Amino acid sequence: MSRHEKSTNAPSLFRNRFLQTILLSSVLLQIGIWVRNFAILLYVAETTNNDPYAISLISVAEFAPIFVFSFIGGTFADRWRPKRTMIWCDLLSAVSVFVVLLTIHYGSWHSVYLVAFISAILSQFSQPSSMRLFKYHVAEEQLQQGMALFQSLMAIFMVLGPMLGTFVYSTFGLEVSIAVMGIVFLLSALVLIRLPEDNMQAQTVVVKGQFRKEFVEGFRYVWQSQVLRMLGLAFILAGLAVGVAQALNLFIVTERLGRSEEFLQYLLMVNGAAMLIGGGIVAVFAKKVPPQVLLAIGMIAGAVCTAIVGYSTSVPVTLTVQFLNGLVFPCIHIGISTMILKWSESSIVGRVNGVLNPMFVGMMVISMSFAGALKDAFSLSTIYSGAGFLFLIGALVMVPIMNQKAPEKAPPVAQEV
């Protein structure tokens, strides 16, 4: 049955066995990730007496693999059977966690960084495989709605994750927290066995130079598509804006609002709760709005809200704006993910994701690293206005492709002769 035939007779999204399975797996993985993140953060802060260098290494361990392995992982994800890849990645993550747990138990506390590092590497193979399966098993007209469900799930854990991670660590300590991560990754691997078969054949014969050729094809494919090129530019601008705003949120609380550092959690909880509501709203209207319009709406709202937060000295105003920003922010994530899926051939989805994803994360990390220097040179109002301007440019980038419709079938991968 062709993909077009499947989409015209698509069952309810909630009855889709793939989506049911992948959402349950994601719940388990989110539990493990949030427990891990807060256990490592609190343990390192406690052990090193809040040493900024030691704490910053946590972010390095989480983000560095994205630069190094995203392109590679996306290429291999397009070569391997995606269901098998995801199961093996979760199993290997679980095994690595228990191995690291042994080294921590016998006195090498620095091994906590390896937990985040290894998990981040394996996710660069698993995540693009998940995108391939998403395109294969979800009908075309339901892709955006499905992405909205994922965004809602992420938002739930943005609210509950910090509380869950803090509770597990403060109640049971580091070793139990790390063990929880290993167990839920193992459970996720077992859940993924339930995934329907994808019938995608793995490439078993590796020709000399074939990997390099496929690796380059990912970049060429993105460059040849106007939509994906503009999406890459929007990724870069959004990453720069998000990075600097996230890095300086604490100073918004202490300097602009005159509150203690603990008040930051309320800003994050309000934002996360709004993202949950926003994801649900987008899920309802997803079929009626083109993904590039969704992305532009999210960027424009981000521009206005970011600038207001930079100038506001009123707690009610800042909280209200954070809520509104969170309400619209899912449009950015859902729009981007849907555009990648709709404008990419299924055989190259992993590589397209591997090319575009580092653009956002890379720019975010770069702007985070310069945030301190920017704060020394400019006021918070100026910096946040600049971040808002970057969001606005990102929205304008969407104008040339605003009326483009996703092809009935994504353009094929160009072959070298």
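As a reminder, the structure under discussion sits directly above these lines.
Every chain's residues receive numbers from 1 upward, in the order its sequence appears when written. Side-chain atom pairs in this predicted model are given and counted only at pLDDT of 80 or more, local residue features only at pLDDT of at least 70, and totals for whole chains, interfaces and linings cover all residues. Note that water and hydrogens are dropped before the side-chain values are worked out from all heavy atoms of the structure.

Participant: Tell me about the packing of aromatic side chains, and name the residues and values.
Facilitator: Between two aromatic rings, the relevant description is the distance of the centres plus the angle of the planes. Side-chain rings of Phe, Tyr and Trp, where Trp is taken by its six-membered ring, are said to pair if the distance between their centres is within 6.5 Å; with planes under 30 degrees apart they count as stacked, over 60 as edge-to-face, and otherwise as tilted. According to the stated counting rule, one finds 4 aromatic pairs in the structure shown. Aromatic side chains F18 and F134 sit 5.8 Å apart centroid to centroid with 85° between the ring planes, which places their arrangement in the edge-to-face category. Note that F18 is positioned in helix α2 (residues 17-47) and F134 in helix α5 (residues 112-137), a separation of 116 residues in sequence. The two residues F18 and F134 agree in class, both being buried. Ring geometry for F235 versus F360: centroids 6.0 Å apart, planes at 65°, classification edge-to-face. With F235 in helix α9 (residues 226-247) and F360 in helix α15 (residues 349-377), this pair connects stretches of sequence that are 125 residues apart. A cation over a ring is seen here: R229 above W223, with NZ or CZ 5.4 Å from the ring centre. Sitting above the plane of the F251 ring, K375 keeps its charged end 4.8 Å from the centroid. A run of DSSP states H or I qualifies as a helix once it reaches four residues; a run of E qualifies as a strand once it reaches two. Both are numbered from the N-terminal end. Each residue's exposure class comes from its accessible area (1.4 Å probe, protein chains only) as a fraction of the maximum for that residue type: buried when under 20%, exposed when over 50%, partly exposed otherwise. Geometrically, a charge over a ring is one whose NZ (Lys) or CZ (Arg) sits within 6 Å of the ring centre while staying within 35 degrees of the ring normal.

Participant: So what about the pattern of salt bridges? Which residues, and what values?
Facilitator: Here, a salt bridge means any Lys or Arg side-chain nitrogen found within 4 Å of an Asp or Glu carboxyl oxygen. On inspection of all chains with the given rule, the structure shows 1 salt bridge. Its salt-bridge partner being E255, residue K375 comes within 2.9 Å of it at the nearest N-O pair. With K375 in helix α15 and E255 in helix α10 (residues 249-256), the pair connects residues that are 120 residues apart, well separated along the chain. Under the relative-accessibility criterion, E255 is labelled partly exposed at 45%.

Participant: Before we move on, can you summarise the side chain of S344 with the specific residues and values?
Facilitator: Following the sequence through the fold, S344 ends up in the loop between α14 (330-342) and α15. Pairs of N or O atoms within 3.5 Å make up the polar contacts considered here, provided that, within protein, one atom can donate a hydrogen while the other can accept it, and that residues adjacent in sequence are counted only when both atoms are side-chain atoms. Side-chain polar atoms of S344 contact the backbone oxygen of I340, separated by 2.6 Å.

Participant: Which residues make up the packing of helix α11 (residues 264-285) against helix α13 (residues 315-328), and what are the values?
Facilitator: Angles shown run from 0 to 180 degrees and are taken between the N-to-C directions of axes, each axis being a line fitted to C-alpha atoms and, for helices, limited to the stretch in contact. Between α11 and α13, the shortest axis-to-axis distance is 6 Å and the interhelical angle comes to 35°. Every pair of crossing elements has a handedness; the one defined by α11 and α13 is right-handed. Where α11 abuts α13, its residues Y266, L267, V270, N271, A274, M275, I277, G278 and I281 lie against T318, L319, Q322, F323, N325, G326 and L327. Class assignment for the residues of the contact of α11 with α13 results in 10 nonpolar, 6 polar and no charged. Left-handed describes a crossing whose near helix is turned anticlockwise from the far helix by less than a right angle; the clockwise case is right-handed. Any pair of residues with heavy atoms lying within 4.5 Å of one another is described as a contacting pair. We call Asp, Glu, Lys and Arg charged. Ala, Val, Leu, Ile, Met, Phe, Trp, Tyr, Cys and Pro are nonpolar, and the rest, Gly among them, are polar.

Participant: Tell me what's going on with the environment of N16, and back it up with residues and numbers.
Facilitator: Tracing the backbone through its elements, the reader meets N16 in the loop between α1 (3-8) and α2. Look at N16 and you get buried, because its relative accessible area is 10%. Separated by 121 residues in sequence, N16 and H137 have C-alpha atoms that sit 8.2 Å apart. Apart from residues lying up to four places away in sequence, N16 is in contact with H137 and V138.

Participant: Give me the nonpolar core: which residues, what numbers.
Facilitator: Put simply, buried Ala, Val, Leu, Ile, Met, Phe, Trp, Tyr and Cys residues joined by side-chain atoms within 4.5 Å make one nonpolar core. Of all hydrophobic cores here, the largest spans 70 residues; its most connected members are F134, L231, L295 and M398. Judged by nonpolar contacts, the second largest core, of 27 residues, contains I104, V115, Y169 and I178.

Participant: Help me get a handle on the environment of A283, residues and values and all.
Facilitator: Counting through the fold element by element, A283 comes out in helix α11. The class of A283 is buried, set by a relative accessible area of 11%. Apart from the residues within four sequence positions on either side, A283 is in contact with Q145 and A148.

Participant: Which residues make up a nonpolar patch on the surface, and what values go with them?
Facilitator: For patch building, the residue pool is restricted to those with more than 30% relative accessible area and no salt bridge; the joining distance is 9 Å between like charges and 5 Å between nonpolar side chains (Val, Leu, Ile, Met, Phe, Trp, Tyr). Areas reported here follow the Shrake-Rupley algorithm with a probe of radius 1.4 Å; residue values treat only the protein chains shown as occluding. A contiguous nonpolar surface patch, about 690 Å² in accessible area, is contributed by I300, V304, I308, V317, F389, L392, L396 and V399. Looking at the nonpolar patch, the elements that each hand over two or more residues are α12 (291-311) and α16 (380-397). Secondary-structure assignment places V304 in helix α12.

Participant: Outline α14, listing residues and values.
Facilitator: An α-helical segment advances 3.6 residues per turn. Residues three or four places apart therefore align on the same side. Here α14 spans 18 Å end to end across 13 residues, near enough to the 18 Å set by a 1.5 Å rise per residue. Buried residues dominate α14, accounting for 12 of its 13 residues. Among the residues of α14, P330, C331, I332, I334, G335, I336, S337, T338, M339, I340, L341 and K342 are the ones counted as buried. Residue count minus one, scaled by 1.5 Å, sets the expected span of a helix.

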